[in-house]
Amino acid sequence: MPFSTLNDEQLSAATAPLGHNLIIASAGTGKTSTIVGRIGHLLKSDIDPSKILLLTFTNKAAGEMLSRLEQYFPKSVVSKVESGTFHAVSYRWLKTLYPNLALKQPGELKTLFRSIYEKRNFARMNISTQPFSASYLYEMYSLYQNASLESFDTWFLEKYPEHETLMDAYVDITEEFEREKIEYGFASFNDLLLRMREHLKTNNLGFEEVLVDEYQDTNTLQSALIDELKPKSLFCVGDYDQSIYAFNGANIENIATFSKRYKDSQVYTLKTNYRSTAPILSLANRVIERNERIYPKKLEVGRKGKTHPPRLLMYNDLFEQYQSIAHSIKTTHVPNNQIAVIFRNNSSADGIEASLREYGITCKRKGGTSFFETKEVKFLLDLLSLQLNPKDMMAFIHIFEYAAGVGSALSKEIFQCFIHFGHGSLMQGVLHPRIFELPNFKPNKNVQLGLFDDDLEIGSAARFTHLGLDKEIMAHPLLKHPKLTQEGVKFFQEFYRYILAVEAMDNPAQILSTAMRSKLYEKVVDILSNQRARLKSGEVDPDKKTQAKERIERKARLLWELGRQYKELSRFVNAMILGGNELSEGDGVNLLTVHASKGLEFPEVYVVDLVDGRFPNRKMMSSIEEERRLFYVAVTRAKDKLYLSLAKYDKMKKIDYKPSQFLHEAGLIKGEFVEEKK
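Residues numbered from 1 in each chain as written. Predicted model: local features only at pLDDT ≥ 70, side-chain atom pairs only at ≥ 80, totals over all residues. Heavy atoms only, no water.

In the annotation of an unreviewed UniProt entry, the chain is listed under the name DNA 3'-5' helicase and assigned to Sulfurovum zhangzhouensis. Annotation of the chain in UniProt includes, under Sequence similarities (unreviewed entry), the sentence "Belongs to the helicase family. UvrD subfamily." (UniProt positions renumbered as here; feature names shortened; annotations may be inferred.)

What follows is the structure, encoded as structure tokens:
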């Protein structure tokens, strides 16, 4: 049985009576084994596996737990257990209710939001307050959906009361945003949970037990969804001291108030750490015990054998620190992929990465810009998404925003033109238009609208005659659009040629190969490489442009390699949307933000730039308690060796640094930390 290897505290938790159970699983105490043991206990107790729901924060974590269960139970039984992230599980359920539901990434929906925002003419509203940008308003609206169950205006005005005169306009934008998402069948990650929660209000799915991993990272919306599931039993596993996602909406009160919200609850504590050595745990305890103790605990050592005390590495200069760490990694016997360099700020990774490459040491960086969020990869995925779902307006807007003189608002109009020309079919409207008159864009008059106040005048296709366009393009009704620029029509011609080439294809690698060879993608690569090679003077450095193009080409080739594993376009696109953030590229030393390091462990760990202002980061921090939890997470990633490093001075910025207060609290630097008054 899966609980045959559990210790007494793990076994006690795994076999707890049905009810509301909270398991405080400190770093390295075997929470995964306990969850696997719990599901095994439920199955052994003859609970129907389809009535068990396992909610995790990565699909990979859920897969690993079910894989372990298959060592003890038939695959036919284990496969019936509902499992996955909050979003993945909700997406599966909602797809059965709404087959045409299209899940969109935040960046894509931000573009839709911006196209709505740009129609507002705030100058006409005669207000003194400067309105927030479209991007910031979108971020605030997304945060609100995760963090609050009250109305948007109430939540927003508590933070920004000076924007009261703009609130009606803000609310109007968000309401139109919601209407357009419904009209086009789009859903954000937040929408998956919001819509599922609404569905559950009138439909009980009848789960016997819901298990929640990393419970300390749940936000207000996820907690509300758990309650709406109304399971007979709840089994939540988490650690108050590892709650580090407040910036992303995580609500530490979910775990802190568990016993108050569920009156019949039982709390179990896993305190034996099997990951780290005694000296590392001792250091972690000395620091984290300074935070308020909601659930009293102290990590105990479960390992025996030789130990290495944590080492403080202090350098005179910032770059000297990075080069010395790279040299130490070069000379260690520990394999590169078992070493982690952990940092609080992404800027710290640049110096480490440069120094490692100087020594010829490979590395992979996680916690910065995701491979799937890079513009060159997103463009290719947008092409595939549009082919899979021709009603995907967001993918279309992202593609056409690369045409000079075409922004999100005009891209949206062009999309609507193609739908109109094709009598409801985008591809028909692009390749074989049936209707040759422009649609009517004039909306109802609105005091906030300024974009379409004047009637559109039909343009003449003759103004593009000198461009030497294909005859099919010259005959296309889109050329009558008065706002279409010369660059815009050239871009349309390449888009037309690409669509014509891939129209009958369904193999992802074949489509990607065609896209990568197209003049359309060539143009996008040129735009992006110019942007990345432009100097402060405005000139483009040819060597940097060549390097930028090579990096873009490598990313495209990697996406093509991923595509080769799939035969159907739909499966590939769905895998990239739901699983993209969990895929990584390359091998070597792990360069990780603290947030990206959570849940991982390494024999050798360096925590760098431990100076006041950088770690703790006093500009970004929500509280010193959360920064202390970040430090706790960072140091408890180490199994055998832990190095804590800092530099006293930054030559480039001419800044003196003081050691982090956490080094004082850990006892590595004598005396209490005294914060300087600014």
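There's plenty left to go through after this.
A. The arrangement of the side chain of Arg-614 in detail. Counting through the fold element by element, Arg-614 comes out in the loop between strand S15 (602–607) and helix H28 (624–635). The buried category is assigned to Arg-614, whose relative accessible area is 11%. Not counting residues up to four positions away in its chain, the partners in contact with Arg-614 are Leu-318, Tyr-322, Arg-344, Asn-345, Ser-347, Ser-348, Asp-609 and Tyr-657. (Helix = DSSP H or I, 4+ residues; strand = E, 2+ residues; numbered from the N terminus. Buried < 20%, exposed > 50% of the residue type's maximum accessible area, 1.4 Å probe, protein only. Contact = heavy atoms within 4.5 Å.)

B. Representation of the nonpolar core. Counting residues in each nonpolar core, the largest one holds 85 residues, and the members touching the most others are Phe-156 and Phe-418. For this core, the element with the highest residue contribution is helix H22 (residues 486–502), accounting for 8 residues. Ignoring any residue separated from it by four or fewer positions in sequence, one finds Phe-418 in contact with Phe-396, Phe-400, Ser-425, Leu-426, Gly-429, Val-430, His-476, Leu-478 and Phe-492. With 58 residues, the next largest nonpolar core counts Tyr-606, Phe-631, Tyr-632 and Ile-669 among its residues. (Core = buried A, V, L, I, M, F, W, Y, C linked by side-chain atoms within 4.5 Å.)

C. Here's a closer look at the UniProt feature "binding site: ATP" (unreviewed entry) in the chain. In this numbering, the UniProt entry assigns the feature "binding site: ATP" (unreviewed entry) to Ala-25, Ser-26, Ala-27, Gly-28, Thr-29, Gly-30, Lys-31 and Thr-32. Residue placement: Thr-29 occurs in the loop between strand S1 (20–25) and helix H2 (31–44). Thr-29 gets classed as buried once you look at its relative accessible area, which sits at 1%. When sequence neighbours within four positions are dropped, the list of residues in contact with Thr-29 reads Gln-10, Leu-270, Lys-271, Thr-272, Asn-273 and Leu-299. Its location among the elements puts Gly-30 in the loop between S1 and H2.

D. Molecular detail of the packing of aromatic side chains. This model, assessed by the stated rule, comprises 39 aromatic pairs. Aromatic rings pair up to connect Phe-113, Phe-132, Tyr-136, Tyr-138, Tyr-141, Tyr-144, Phe-152, Trp-155, Phe-156, Tyr-160, Tyr-170 and Phe-177 into one cluster. Lying across the ring of Phe-186, Lys-104 places its NZ or CZ 5.6 Å from the centre. (Phe/Tyr/Trp six-rings, centres within 6.5 Å; stacked < 30°, edge-to-face > 60°. Lys NZ or Arg CZ within 6 Å of the ring centre and 35° of its normal.)

E. Here's a closer look at the pairing of strand S2 (residues 52–56). Extensive coverage of S2 is indicated by the burial of 5 of its 5 residues. Every second residue of S2 is oriented toward a common face, with Ile-52, Leu-54 and Thr-56 on one face and Leu-53 and Leu-55 on the other, all of them buried. Bridge count for S2 against strand S6 (residues 209–212) is 4 bridges, and the pairing is parallel. Of the residues in S6, the one forming a bridge with Leu-53 is Val-210. Two strands pair when backbone bridges link them, and S2 and strand S3 (residues 82–85) are joined in this way by 4 bridges, in the parallel orientation. Each bridged residue has a counterpart across the sheet, and for Leu-54 the counterpart in S3 is Ser-83. (Pairing = 2+ DSSP bridges.)

F. Structural context of the UniProt feature "domain: UvrD-like helicase ATP-binding" (unreviewed entry) in the chain. Those places that UniProt annotates as "domain: UvrD-like helicase ATP-binding" (unreviewed entry) correspond, in this numbering, to residues 4–277. Across residues 4–277 one finds 47% helix and 13% strand; the C-alpha atoms that close the span lie 25 Å apart.

G. Spotlight on the packing of helix H7 (residues 134–147) against helix H10 (residues 189–200). Between H7 and H10, whose axes approach to 10 Å, the crossing angle comes to 35°. In this structure, H7 crosses over H10, and the sense of that crossing is left-handed. Touching Ser-142, Gln-145 and Asn-146 of H7 are Asn-190, Asp-191 and Leu-194, all from H10. For the contact of H7 with H10, a count of residues per class yields 1 nonpolar, 4 polar and 1 charged. (Axes fitted to C-alpha atoms, helices over the stretch in contact; angles between N-to-C directions. Left-handed = near helix turned anticlockwise from the far one by under 90°. Nonpolar A, V, L, I, M, F, W, Y, C, P; charged D, E, K, R; others polar.)

H. Quick look at unusual backbone geometry. Backbone torsion omega between Phe-615 and Pro-616 reads 10°, so that peptide bond is classified as cis. As for its position among the elements, Pro-616 is in the loop between S15 and H28. With a phi close to 50°, Lys-230 is a non-glycine residue in the positive phi region. Position of Lys-230 relative to the elements: it lies in the loop between helix H11 (220–229) and strand S7 (233–238). For His-423, which is not a glycine, the phi torsion comes out positive at approximately 55°. Mapped onto the secondary structure, His-423 falls in the loop between helix H19 (408–421) and helix H20 (426–431).

I. Broad picture of helix H9 (residues 167–184). Here H9 contains 18 residues, and its C-alpha end-to-end distance of 26 Å stays within 8% of the 26 Å for a straight helix at 1.5 Å per residue. Residues Met-167, Ala-169, Tyr-170, Asp-172, Ile-173, Thr-174, Glu-176, Phe-177, Glu-178, Glu-180, Lys-181 and Tyr-184 constitute the buried set of H9. Just downstream of H9, Gly-185 is the residue with a positive phi angle, here 75°. (Expected span 1.5 Å × (residues − 1).)

J. Molecular detail of H10. Taking 1.5 Å of rise per residue, 12 residues should cover 16 Å, and H10 covers 17 Å from first to last C-alpha, within 8% of that figure. Every buried residue of H10 is accounted for by Phe-189, Asn-190, Asp-191, Leu-192, Leu-193, Met-196, Arg-197 and Leu-200.

K. A negative patch on the surface, seen in detail. On the surface, Glu-150, Asp-153, Glu-158 and Asp-168 cluster together into a negatively charged patch. Relative to the helices and strands, Glu-150 is located in the loop between H7 and helix H8 (152–159). (Patch = residues over 30% accessible without salt bridge, like charges linked within 9 Å, V, L, I, M, F, W, Y side chains within 5 Å. Areas by Shrake-Rupley, 256 points an atom, 1.4 Å probe, with all protein chains shown as cover. Salt bridge = Lys/Arg side-chain N within 4 Å of Asp/Glu carboxyl O. Lys, Arg positive; Asp, Glu negative; His and termini not counted. Charge placed at Lys NZ, Arg CZ, Asp CG, Glu CD.)

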